[in-house]
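What follows is the residue order along each chain.
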Amino acid sequence: MSRRFFSPSRTFIIATTTATLLLAGCATMPTAPRVPLTGDALIDGNAQLAAALPKDKVLWEYRVAATALRRGLFEEAREKLDNALAQAAANYGNVNSEAAKSRRMFRKESDKPFVGEPYERAMASYYRGIVYWSVGEPDNARALMRSAQLLDSDTQDKTYAGDYVLFDYLDGYASEKLGGDGSDALARARASAKAQGRATPPDYDRKANVMLFVEYGRGPRKYAGGEYSEQLRFITEQSRARSAILEVAGQTVRLPAYDDINFQATSRGGRVMDYVLGNKAVFKGTTNTVGDVALVGAAVSASNIQRYDGSYNKDAANVALGLAAVGILSKIASSATTPEADTRAWDNLPQYLSFAALRLAPGTYPATLTFLDVNGAPIPFNGRRDITITVPAPNPAIGAAPEDTVIFLSELPN
């Protein structure tokens, strides 16, 4: 009786076909067109946003929103943040088909729609809350501060609660402004400040009518580490500015660093986190090892193709070809697996967040903002900013004082 065996041509057809099917899922993603740069961060950011691939739209909206805020363009910041928060929420909720595709083994993490790490999503809500406050909606501002704190929490096993100082503090302040009781939120803010060794935020002043939001230093940058670049890690550089003071109308307002975004990026509830895309890394290592073993087995079997009597050993030939096919396919699968961490980053975030509330009568006030180093000395070279604060008069049509005047100031370039 003749024995059935795979011919070499049939074996390699199977191997080639399977390899083609495997690699079909990891086709090269399209790239965004190059955008000529002008040197103006807002113009260039909007141009990059217009040209960006759908998966990168949220990232560019985040970046443009931060720049717009620093220029006092609150309406543009609102538009970008509303779009970004809506898209990020949809993608994070896994209702986007591209997000589902990205979870396949042969798609890069950076191919999925960008939603950002917890600190990035929290900062988007924080900025949107500031914009709400600027248009006289402290209730919506409070909702966004609560959302920001929740986004920083460990939403999987609830082990680590959000520990931003300002998010809780502003939550309570908005409640006070609305005639409620913000004491619980104030207590949480002070507890977080104490745990992190930060300045204690002051009592609420319901009659304060100028809300001053200040940021300084540069936030974290991302890079990939590990054998397969599967670990998301951060580069954090200590800001020269450690605090600030505002001098206006005979008042000296201290602006300590209540929150540190570098700390928040690299920790959860005070515990240092190590971001690892483990499943993909394990798969890559396993398939690579299987490929090595199979190819060695193929070589051993191939050495037995010719018997000692000189006759051809068809079984050994088939085994050798089969193992070679398995080895080749495993190597292909290993090389096609992409465990690299997603290092796309909201790269124009600050390191430190600060806040102060003060009382000013209607009018226009020259003011000076000075950033201070670790010793409390002014930062040389651009450490002092001369600004103007305008507090509008009451609206005679309604006979009431206007909403709070919101001032947003940043050490970062705009």
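Residues numbered from 1 in each chain as written. Predicted model: local features only at pLDDT ≥ 70, side-chain atom pairs only at ≥ 80, totals over all residues. Heavy atoms only, no water.

## A closer look at the overall build of the chain
Secondary structure assignment for the chain yields 12 helices and 13 strands. Taking all 414 residues of the chain together, 48% fall into the buried category. Put simply, 73% of the contacts in the chain that link residues at least 6 apart link residues at least 24 apart. (Helix = DSSP H or I, 4+ residues; strand = E, 2+ residues; numbered from the N terminus. Buried < 20%, exposed > 50% of the residue type's maximum accessible area, 1.4 Å probe, protein only. Contact = heavy atoms within 4.5 Å.)

## As for the pattern of salt bridges
What the rule picks out here adds up to 21 salt bridges. As a salt-bridge pair, Asp56 and Lys55 come within 3.4 Å of each other at their nearest N and O atoms. The residues Asp56 and Lys55 share a single accessibility class, namely buried. Here the salt bridges share partners, and the residues they tie into one network are Lys55, Asp56, Asp342 and Arg344. (Salt bridge = Lys/Arg side-chain N within 4 Å of Asp/Glu carboxyl O.)

## Looking at the nonpolar core
Counting 58 residues, the largest nonpolar core has Tyr126, Tyr127, Trp133, Tyr169, Leu170, Phe213 and Trp346 as its most contacted members. With 10 residues, the single largest contributor to this core is helix H6 (residues 118-134). If sequence neighbours within four positions are ignored, Tyr169 has contacts with Ala185, Leu186, Ala189, Pro201, Pro202, Asp203, Tyr204 and Phe355. (Core = buried A, V, L, I, M, F, W, Y, C linked by side-chain atoms within 4.5 Å.)

## A word on the sheet that holds strand E1 (residues 210-216)
If you trace the four strands from one edge of the open sheet to the other, you get E6-E10-E1-E13, paired in mixed fashion. What marks the edges here is a single partner per strand, and that holds for strand E6 (259-260) and strand E13 (405-410). Across the sheet, helix H8 (residues 165-177) touches E1, E6 and strand E10 (352-358), and the angle it forms with E10 is around 20°. (Pairing = 2+ DSSP bridges. Axes fitted to C-alpha atoms, helices over the stretch in contact; angles between N-to-C directions.)

## Side note on unusual backbone geometry
One non-glycine residue, Ala249, lies in the positive phi region at around 50°. Structurally, Ala249 is set in the loop between strand E4 (243-248) and strand E5 (251-256). The phi torsion at Phe381 lies on the positive side, around 60°, for a residue other than glycine. If you trace the backbone, Phe381 turns up in the loop between strand E11 (363-372) and strand E12 (384-391).

## Things to note about the pairing of strand E2 (residues 221-225)
Pairing of E2 with strand E3 (residues 231-235) involves five bridges; the strand directions are antiparallel. Each bridged residue has a counterpart across the sheet, and for Arg221 the counterpart in E3 is Ile235. Between E2 and the antiparallel strand that follows it, E3, lie five residues; Gly226 among them carries a positive phi value of about 95°.

## Observations regarding helix H3 (residues 57-70)
The terminal C-alpha atoms of H3, which comprises 14 residues, lie 20 Å apart, in line with the 20 Å expected from a rise of 1.5 Å per residue. Most of H3 is tucked away: 13 of the 14 residues are buried. Directly after H3, the chain includes Gly72, whose backbone phi takes a positive value near 75°. (Expected span 1.5 Å × (residues − 1).)

## A word on the packing of H3 against H6
For any two helices packed against each other, the geometry is given by the interaxial angle and the distance between the axes. Put simply, H3 and H6 touch, their axes get as near as 11 Å, and they point 35° apart. H6 is crossed by H3, and the crossing has left-handed handedness. Here Tyr62, Ala66, Leu69 and Arg70 of H3 lie close against H6, whose contacting residues are Arg121, Ala124, Tyr127 and Val131. Broken down by class, the residue content of the contact of H3 with H6 amounts to six nonpolar, no polar and two charged. (Left-handed = near helix turned anticlockwise from the far one by under 90°. Nonpolar A, V, L, I, M, F, W, Y, C, P; charged D, E, K, R; others polar.)

## Quick notes on the packing of H8 against helix H9 (residues 183-196)
Running from N to C, H8 and H9 cross one another at 160°; their axes reach a closest spacing of 8 Å. The pairing of H8 with H9 is recorded here as roughly antiparallel in orientation. The handedness of the crossing between H8 and H9 comes out as left-handed. On H9, the residues touching Val165, Asp168, Tyr169, Asp171, Gly172 and Glu176 of H8 are Ser183, Ala185, Leu186, Arg188, Ala189, Ser192 and Ala193. (Parallel < 35°, antiparallel > 145°, perpendicular 65-115°, else oblique.)

## Overview of the confidence of the model for the chain
Considering every residue of the chain, the mean pLDDT works out to 79; 67% of them sit at 70 or more. Counting contacts from residues 275-288, a segment whose pLDDT is below 50, to residues more than four positions away or on other chains yields 41 contacts. (pLDDT = per-residue confidence, 0-100.)

## Brief notes about H9
Compared with the 20 Å implied by 1.5 Å per residue over 14 residues, the 20 Å span of H9 between its first and last C-alpha is a close match. Residues of H9 that are buried: Ala185, Leu186, Ala189, Ser192, Ala193 and Gln196. Buried residues along H9 cover an arc of 125° about the axis, so they all sit on one side. Summarising the geometry of H9, the exposed residues directed more than 90 degrees from the buried face are Asp184, Lys194 and Ala195. Elements that come into contact with the buried residues of H9 comprise H8 and helix H10 (261-265). Count one or two residues on from H9 and you reach Gly197, which has phi positive near 70°. (Arc of directions from axis to C-beta.)

## Some details on the side chain of Asn262
Mapped onto the elements of the fold, Asn262 is located in helix H10. Note on Asn262: relative accessible area 5%, which makes it buried. Apart from residues lying up to four places away in sequence, Asn262 is in contact with Arg218, Gly219, Pro220, Thr236, Glu237 and Gln351.

## Some details on the pairing of E11
Within E11, seven of the 10 residues are buried, which leaves the element mostly enclosed by the surrounding structure. Pairing geometry for E4 and E11, over six bridges, is antiparallel. Across the sheet, the residue bridging to Val248 is Ala367, located in E11. Taken together, the eight bridges between E11 and E12 define a ladder with antiparallel strand orientation. Across the sheet, Ala367 pairs through a bridge with Ile387, a residue of E12.

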